[in-house]
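The chain contents come next:
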Amino acid sequence: MKIEKTAIVVDEAVGLADEEDYFFEGTEKLLELWFASSYGDDNADLRSIERSEWEALLKNVNCEIISQKSNESITAYVLSESSLFVSKNRFILKTCGKTTLLAAVHQVLKLVHDRCGFDVIIDCFYSHKNFMRPELQPLTYRSFDDEVATLDNIFEGGAAYALGRINQDCWYLFTIDAVGVNLPDQTLEVIMTEVDNSVMAMFTRDYGLTAKELTEKSGISSLIPGAVIDEFLFDPCGYSMNGIMPNVSAHSPYDSKNK
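One structure accompanies this document, and this report is about it. Bear in mind the structure is a predicted one, so any value in this text is a computation, not a measurement.

## A look at the environment of Phe35
Note that Phe35 resides in strand 1 (residues 29-36). Taking the C-alpha atoms as reference points, Phe35 and Ile121, 86 residues apart in sequence, are found 4.7 Å from one another. Excluding its chain neighbours within four sequence positions, the residues that come into contact with Phe35 are Leu46, Asn89, Phe91, Val108, Leu109, Val112, Phe118, Val120, Ile121 and Ile122.

The structure is reproduced here in structure tokens:
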């Protein structure tokens, strides 16, 4: 009996390990920071920070830069797990999977101060939908309370909210009581689940399309006509793109494993 019981436990453990290896958390963590200089330095610009410096920072988040596109107002980086957008005084980092986004906050604040002279945080937003499998996240990210505690140790005047039913789909948001952004700043998040298998199949290498061809066939290219698009198709599956226009940026990830 003991041997049989042990065998069952081992089989269950193996099954759980296989499930964890297969599952990918598509829900993205989002950090948006706005900066200013108390000295009124109009030349301060986050875009002066070199790509290599962002790459060093992202190692703490457990992701890396794949490619980049720029225009007169923004530099957009496609990451191995989502995207990084950098404009004159705004930093936006979106990461999915098991990334540790909050581990980069202290480094970001130090980098923008030392390299750009930004010493005032105008506004801060950290948000994400509740995770599909929070128990598979790194420890800090398994509970929004723990994420808030981490942010409260960094920022003063923090305020945390849960929008929606916390026992179903909801959206978590942390922000701060600060000067606030006085420019138009809208963010639209669209999350799709239970997509038809025939559609999901397109977002795999076996389907035979290049990343650019997939952007066209899926209709993603028509979402923001005229945008400069930077897309990437992962192996064996998964797709990510950034689209930039003057004063507008867009990001579209797709994980065909579980969406």
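Having put the structure on the table, let's press on.
## What to know about a nonpolar patch on the surface
A cluster of nonpolar side chains, contributed by Leu188, Val190 and Met192, occupies part of the molecular surface with about 380 Å² of accessible area. With respect to the element layout, Leu188 can be found in the loop between strand 8 (170-176) and helix 5 (197-200). Under the relative-accessibility criterion, Leu188 is labelled exposed at 75%.

## Regarding the pairing of strand 5 (residues 90-95)
Burial analysis of strand 5 places 6 of its 6 residues in the buried class, the great majority of the element. Burial along strand 5 is two-sided: Arg90, Ile92 and Lys94 and Phe91, Leu93 and Thr95, pointing in opposite directions, are all buried. With 6 bridges joining them, strand 1 and strand 5 adopt antiparallel strand pairing. When the bridges of strand 5 are listed, Trp34 appears paired with Arg90. Pairing of strand 4 (residues 82-87) with strand 5 involves 4 bridges; the strand directions are antiparallel. Bridge pairing in strand 5 links Val86 to Phe91. Where strand 4 folds back onto strand 5 in an antiparallel hairpin, the turn is made up of 2 residues.

## Concerning the packing of aromatic side chains
The final tally for this structure, using the stated rule, is 5 aromatic pairs. Each ring, one from Phe144 and one from Tyr172, has its centre 4.5 Å from the other, and the planes form 15°; the classification is stacked. Of this pair, Phe144 sits in helix 4 (residues 144-152) while Tyr172 sits in strand 8, and the two are 28 residues apart along the sequence. Look at Phe203 and Tyr239: their rings are 5.6 Å apart centre to centre, the planes differ by 65°, and that puts the pair in the edge-to-face class. In this pair, Phe203 sits in the loop between helix 5 and helix 6 (211-217) while Tyr239 sits in strand 10 (residues 239-245), placing the two residues 36 residues apart along the sequence. Tyr239 gets classed as buried once you look at its relative accessible area, which sits at 1%. Taking the ring centre of Phe23 as reference, the NZ or CZ of Arg133 above it sits at 5.5 Å.

Parameters and conventions
- Note on numbering: residues in each chain are counted from 1, in written sequence order.
- Given that the model is predicted, a residue must reach a pLDDT of at least 70 before its local features are reported, and side-chain atom pairs must reach 80 or more before they are shown or counted; all residues, however, enter totals for whole chains, interfaces and linings.
- Each side-chain value is worked out from all heavy atoms of the structure, with water and hydrogens disregarded.
- By definition, any uninterrupted DSSP run of H or I lasting at least four residues is a helix, any uninterrupted run of E lasting at least two residues is a strand, and each is numbered from the N terminus.
- Contacts are assigned to residue pairs with any non-hydrogen atoms lying within 4.5 Å of each other.
- To count toward a patch, a residue needs a relative accessible area over 30% and no salt bridge; like charges are then connected within 9 Å, while nonpolar side chains (Val, Leu, Ile, Met, Phe, Trp, Tyr) are connected within 5 Å.
- We get accessible surface area from the Shrake-Rupley algorithm with a probe of 1.4 Å; when it comes to residues, only the shown protein chains can shield them.
- Definition used for salt bridges: Asp or Glu carboxyl oxygen within 4 Å of a side-chain nitrogen of Lys or Arg.
- We call a residue buried when its accessible area falls under 20% of the maximum for its residue type, exposed when it is over 50%, and partly exposed in between, using a 1.4 Å probe and counting protein chains only.
- Each pair of strands is called paired provided DSSP finds at least two bridges between the two strands.
- Only the six-membered ring of Trp is used, alongside the rings of Phe and Tyr, when aromatic pairs are assigned; centres must lie within 6.5 Å, and planes under 30 degrees apart are stacked while those over 60 apart are edge-to-face, with the rest tilted.
- Distance and angle both matter: a charge sits over a ring if NZ of Lys or CZ of Arg is within 6 Å of the ring centre and within 35 degrees of the ring normal.

Remember, this is a structural readout, not a statement about activity or role.
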